[in-house]
Amino acid sequence: MTVQRRDIPLLEVADIPDDEARTQVAALCWRMSKGKPEILLITSRETGRWVIPKGWPMKGLSSSKAAAEEAWEEAGVNGKIRNICIGFYAYHKVRSPKMDVPCVVAVYPLRVKSLDRKFPEAGDRKRRWFTPKKAAAKVEEPELRDLLANFDPKAIDT
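Fair warning: this is a prediction, and the values are worked out from it, not measured in the lab. (Residues numbered from 1 in each chain as written. Predicted model: local features only at pLDDT ≥ 70, side-chain atom pairs only at ≥ 80, totals over all residues. Heavy atoms only, no water.)

### So, the overall build of the protein chain
Let me state the cut-off plainly: A helix here means a DSSP run of H or I that spans at least four residues, while a strand means a run of E at least two residues long, and both kinds are numbered starting from the N terminus. Under the scheme applied here, a residue whose accessible area is under 20% of the maximum for its type counts as buried, over 50% as exposed, and between as partly exposed, the area being computed with a 1.4 Å probe on protein chains only. It only takes one pair of heavy atoms within 4.5 Å for two residues to be counted as in contact.
Of regular secondary structure, the protein chain possesses three helices and eight strands. Counting helices and strands in the order they occur from the N terminus, the protein chain gives β-β-β-β-α-β-β-β-β-α-α. Buried residues in the protein chain amount to 44% of all 158 residues. Partitioning the contacts of the protein chain with sequence separation of at least 6, the portion at a separation of at least 24 is 71%.

Now the structure itself:
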């Protein structure tokens, strides 16, 4: 069985000046294990550092649905996304060796029901479950670290 990338167009971001922040969407993928929450982190393709699935908004999809699509493409995640932003974090996306652009990422909680073994970026990334505190210690961005460390599934009423 071959998994193919879904043909969902990205919103046009090329016309934004290089010094202006772009908006991205991300899924904070979580599950309950032995009565305690766990958060799924994946490695980035370029540097191998731990991140959450994220990407550009997509035409025809709400921000939360685009975040869920990114979670499937990057981590094989199937689950229930909430249409409520639980926070934001900022980082600089490297576009080339001499250029990076500022990005602000809106984060949406996604309760994981299952993980596919085959998904578009399966060969490019590792994925691993962590407690919220350990997940926070693995990421670089301070605001994302705070979101992960303080994540409480009861607060999002799923």
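### Quick word on the layout of surface pockets
Condition: As defined here, a cavity is a set of points on a 1 Å grid over the protein atoms alone where a 1.4 Å probe fits but cannot get out. A pocket is an open set with protein on both sides within 12 Å along at least five of seven lines, and residues line them when an atom is within 4 Å of a point. Grid points are joined across faces, edges and corners, and a volume is the space filled by probe spheres set on the points.
Space inside the largest pocket adds up to approximately 600 Å³. What lines the largest pocket is a set of 22 residues, and nearest its centre among them are Ser44, Glu46, Lys54, Tyr91 and Lys93. Within the residue set of the lining of the largest pocket, elements represented by two or more residues are β4 (54–55), α1 (63–75) and β6 (87–96). Looking at the lining of the largest pocket element by element, the count peaks at four residues for β6.

### Overview of the confidence of the model for the protein chain
Low-pLDDT portions of the prediction should not be read for the details of their coordinates. Filter applied, for reference: A residue's pLDDT is simply how confident the predictor is in it, with values from 0 to 100.
On average, residues of the protein chain score 88 in pLDDT, and 85% of them reach the 70 mark or higher. Note that residues 1–6 has pLDDT below 50 and, in this model, 13 contacts with residues that lie over four places away or in other chains. Here residues 8–13 is a poorly scored stretch, pLDDT under 50, and it has 15 contacts once near neighbours within four places are set aside; other chains count.

### As for unusual backbone geometry
The backbone of Lys34 sits at a positive phi, close to 55 degrees, despite the residue not being glycine. With respect to the helices and strands, Lys34 occurs in the loop between β1 (22–33) and β2 (36–43).

### Describing the environment of Met32
Locating Met32 in the fold gives a position in strand β1. For Met32, a relative accessible area of 37% translates into the label partly exposed. Here the alpha-carbon distance between Met32 and Val112, two residues 80 residues apart in the chain, equals 9.0 Å. If near-sequence neighbours (up to four positions away) are discounted, Met32 is found in contact with Pro37, Arg111 and Pro153.

### A short note on the environment of Val25
Within the element layout of this structure, Val25 appears in strand β1. Judged by relative accessible area, which is 2%, Val25 ranks as buried. Along the primary structure Val25 and Val104 are separated by 79 residues, whereas in three dimensions their C-alpha atoms are 8.4 Å apart. Setting aside anything within four residues of it in sequence, one finds Val25 in contact with Pro53, Lys54, Gly55, Trp56, Ser63, Ala66, Ala67, Val105, Ala106 and Tyr108.

### Some thoughts on the side chain of Thr43
Just so we agree on the cut-off: Whenever a nitrogen or oxygen atom comes within 3.5 Å of another N or O atom, the pair is scored as a polar contact, on the condition that within protein one atom can donate a hydrogen and the other can accept it, and that pairs from neighbouring residues in sequence are kept only if both atoms are in side chains.
Of note, Thr43 is situated in strand β2. Looking at Thr43, its side chain comes within polar contact range of the main-chain nitrogen of Lys126, at 2.9 Å. Residue contacts for Thr43: discarding those within four places in its chain leaves Gly48, Arg49, Trp50, Val51, Asp124, Arg125 and Lys126.

### Some remarks on the pairing of β1
Stated precisely, the cut-off is as follows: Strand pairing follows a simple DSSP-based rule, namely that at least 2 bridges must link the two strands.
Two strands pair when backbone bridges link them, and β1 and strand β7 (residues 99–115) are joined in this way by nine bridges, in the parallel orientation. Across the sheet, the residue bridging to Val25 is Ala106, located in β7. Where β1 lies against β4, two bridges are found, and the strand directions are antiparallel. By the bridge assignment for β4, Ala26 is matched with Lys54. Between β1 and β2, which pair antiparallel one after the other, the connecting turn spans two residues, and Lys34 there sits at a positive phi close to 55 degrees.

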